[in-house]
Amino acid sequence: MAKKISILLVYTGGTIGMIKDKKTNALKPFNFSQIVAKIPELEQLNCTIKSISFDKPIDSSNMNTVYYKDIVEIIEKNYKKFDGFVILTGSDTMSYASSAVSFMLDNLQKPIIFTGSQLPIGDLRTDAKENLITAIEIASTYKKGKPVISEVCLYFEYKLYRANRTTKISADQFEAFASMNFPPLAESGVHLKFNEHLIHQPKNKEQALIVHKNLVDEVVILKLFPGISILVVKSILNIPNLKGVVLETYGSGNASNSEDFINLLKEAIKKGIKIINVTQCKRGAVMMGDYDTSLLLKKIGVISGGDITIESAISKLMYLLDKKLSDSDFNKMFKKSIRGEITNNIDF
Ligand code: ASP
């Protein structure tokens with residue numbers, strides 16, 4: 001008899017793993033080792049499921065780089081033992097966490113599926129069951145001994161996305177995530193339909209997993225708005241030890257061309273601070289040089305983030321800053337797709 005696919009479920013926290021305390025009515029985490037008892041449908045899946053939980057499950061608002069490291073270390077430790085991984089986190093910062101994890105894992109050959117829910121698992125109208133069951137089903141889909149997915153994904157409300165392309169778009173609808181610049185990798189309807197042409201295929205199947213555990217957190221996201229004071233920009237760019245900035249610009253990557261503003265950016269770049277241009281628009285890309293108001297940014301050395309999301313840009317910045325690259329290599333690496341996070345001609 002063929003060996004059953006084995007899945008490791010990692011519970012870090014969030015609504016999905018909570019139940020209402022009957023006495024207090026407050027949400028509290030339940031013991032995840034009892035997950036199959038809570039969702040008996042899981043027994044119908046053709047896989048074995050083991051679970052592991054953070055000692056103290058967190059609301060994803062408390063997510064940080066230490067927890068990112070905990071997540072990748074759990075994956076690293078169990079990588080050979082399991083065929084797929086489902087990571088449960090709160091949805092609020094799931095796009096950040098899953099983007100970061102995508103950069104931290106190199107040569108990934110197995111599915112890592114992030115999911116969560118808007119309502120707790122015990123709620124009558126919960127979205128948790130569908131999200132969890134289908135995420136596990138996806139993580140255990142193997143064809144001819146090979147996983148269909150071998151990248152970091154996010155599954156929510158019938159859609160499987162490349163994680164580092166996602167953004168949380170709704171606080172109250174079950175369809176909480178979107179991937180504006182890249183189509184879903186799979187859709188769950190009557191059938192589970194994979195868009196195979198979009199799914200990453202690892203090039204060298206022999207290469208071992210490489211886990212990058214260090215991220216540089218001396219970074220900031222600076223969102224521009226009409227009327228932002230030059231003092232605010234100056235203060236932010238002069239934060240001690242600042243290493244990188246994701247600059248949220250307008251439209252196709254435009255920003256004020258006032259001399260004061262441009263000079264501040266220029267000085268920061270001269271000091272070695274990396275500045276990444278990412279648009280505030282939910283869809284589309286930065287095209288520096290299309291307008292005068294972005295040509296200057298290009299000239300002074302601001303790096304284009306193309307169509308990357310904010311969540312992915314800040315994670316990639318944290319990841320690349322640790323690599324101590326030369327200016328030109330940093331520039332090249334940021335602009336090219338390394339985990340499918342940016343649309344360009346380079347496969348990852
Ligand atoms: N506040 C929760 C969290 O992100 C919401 C959720 O689980 O979706 O941890």
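Predicted model only: the values in this text are computed from it and were never measured. The residue count restarts for each chain, going from 1 along the sequence in the order it is written. Note on the predicted model: pLDDT of at least 70 is required for a residue's local features to be given, and 80 or more for side-chain atom pairs to be given and counted; whole-chain, interface and lining totals, by contrast, use all residues. For side-chain calculations, the full set of non-hydrogen atoms in the structure is used, while hydrogens and water are omitted.

Asker: Is there a simple way to think about the pairing of strand β7 (residues 112–115) in this case?
Answerer: A regular strand places its side chains on the two faces of the sheet in alternate fashion. Each residue gets one of three labels from its accessible area relative to the maximum for its type: buried under 20%, exposed over 50%, partly exposed in between, using a 1.4 Å probe on protein chains only. Put simply, DSSP marks the helices as runs of H or I at least four residues long and the strands as runs of E at least two long, and each gets a number from the N terminus on. Burial of β7 is two-sided: the residues Ile 112 and Phe 114 facing one way and the residues Ile 113 and Thr 115 facing the other way are all buried. By the convention used here, strands pair only if DSSP detects at least 2 bridges between them. As paired elements, strand β5 (residues 84–88) and β7 share four bridges and run parallel to each other. By the bridge assignment for β7, Leu 88 is matched with Thr 115. Pairing analysis gives three bridges linking β7 to strand β10 (residues 152–156), with the strands arranged parallel. Along β10, the bridge assignment pairs Ile 112 with Val 152.

Asker: Would you mind showing me how to read the environment of Tyr 68 here?
Answerer: If you trace the backbone, Tyr 68 turns up in helix α2 (residues 65–78). Between the C-alpha atoms of Tyr 68 and Val 219, which are 151 residues apart in sequence, the distance is 16 Å. In what follows, a contact means two residues having at least one pair of non-hydrogen atoms within 4.5 Å. Contacts of Tyr 68, omitting those with residues within four sequence positions, involve Met 63, Tyr 96, Ala 97, Ala 100, Met 104 and Leu 215.

Asker: What should I look at first to understand helix α4 (residues 128–139) in this one?
Answerer: In an α-helix, one turn spans 3.6 residues, which is why side chains three or four residues apart end up on the same side. Over its twelve residues, α4 extends 16 Å from the first C-alpha to the last, a length consistent with the 16 Å expected when each residue adds 1.5 Å. With nine of twelve residues buried, α4 is to be regarded as a mostly interior element. Where α4 is concerned, the buried positions are Ala 128, Asn 131, Leu 132, Ile 133, Thr 134, Ala 135, Ile 136, Ile 138 and Ala 139. Here the expected span of a helix is defined as 1.5 Å times the quantity of residues minus one.

Asker: When you look at the sheet that holds strand β20 (residues 303–304) in this model, what are you seeing that I'm missing?
Answerer: Within a beta sheet, neighbouring strands are joined by backbone hydrogen bonds and run either parallel or antiparallel to one another. Ordered by their spatial adjacency, four strands build an open sheet running β17-β18-β19-β20, and the pairing between neighbours is parallel. If you trace the sheet from one side to the other, it starts and ends with β17 (219–223) and β20, each paired once. Note: β17 against strand β18 (residues 244–249), five bridges, orientation parallel. What sits directly across from Lys 223, in β18, is Glu 248.

Asker: For this particular structure, what's the right way to read the packing of aromatic side chains?
Answerer: What characterises a pair of aromatic rings is the spacing of the ring centres plus the angle enclosed by the ring planes. Here the aromatic set is Phe, Tyr and Trp, taking the six-membered ring for Trp, and pairing holds for ring centres within 6.5 Å; pairs whose planes are under 30 degrees apart are stacked, those over 60 apart are edge-to-face, and all others are tilted. The full count for this structure, using the stated rule, is six aromatic pairs. Feature note: the residues Tyr 79, Phe 82 and Phe 85 constitute an aromatic cluster, connected by ring pairs. Only when the NZ atom of a Lys or the CZ atom of an Arg is both within 6 Å of the ring centre and within 35 degrees of the ring normal do we say a charge sits over the ring. Stacked on the ring of Tyr 79, the Lys or Arg Lys 110 has its end atom at 4.9 Å from the ring centre. Across the ring face of Phe 334, the terminal group of Lys 316 is positioned such that the distance to the ring centre comes to 4.9 Å.

Asker: Is there a simple way to explain the side chain of Ser 170 in this structure?
Answerer: Assignment of secondary structure puts Ser 170 in the loop between β12 (167–168) and β13 (177–178). What qualifies as a polar contact is a pair of N or O atoms within 3.5 Å, subject to a donor-acceptor requirement within protein and to the restriction that residues adjacent in sequence count only when both atoms come from side chains. Looking at Ser 170, its side chain comes within polar contact range of the main-chain nitrogen of Asp 172, at 3.2 Å. For Ser 170, the side chain forms a polar contact with the main-chain nitrogen of Gln 173, separated by 2.8 Å. Those residues in contact with Ser 170 that lie beyond four places of it in its chain are Gln 118, Glu 175 and Ala 176.

Asker: What is the right way to read the state of the cysteines from this model?
Answerer: Cysteine pairs can be covalently joined through their sulfur atoms, and such a bond is termed a disulfide. In what follows, a disulfide is any cysteine sulfur pair within 2.5 Å. Tallied over the full model, the rule gives zero disulfides. This cysteine, Cys 153, is not joined by any disulfide, and Cys 47 carries the nearest cysteine sulfur, 17 Å off. With relative accessibility at 0%, the residue Cys 153 sits in the buried group.

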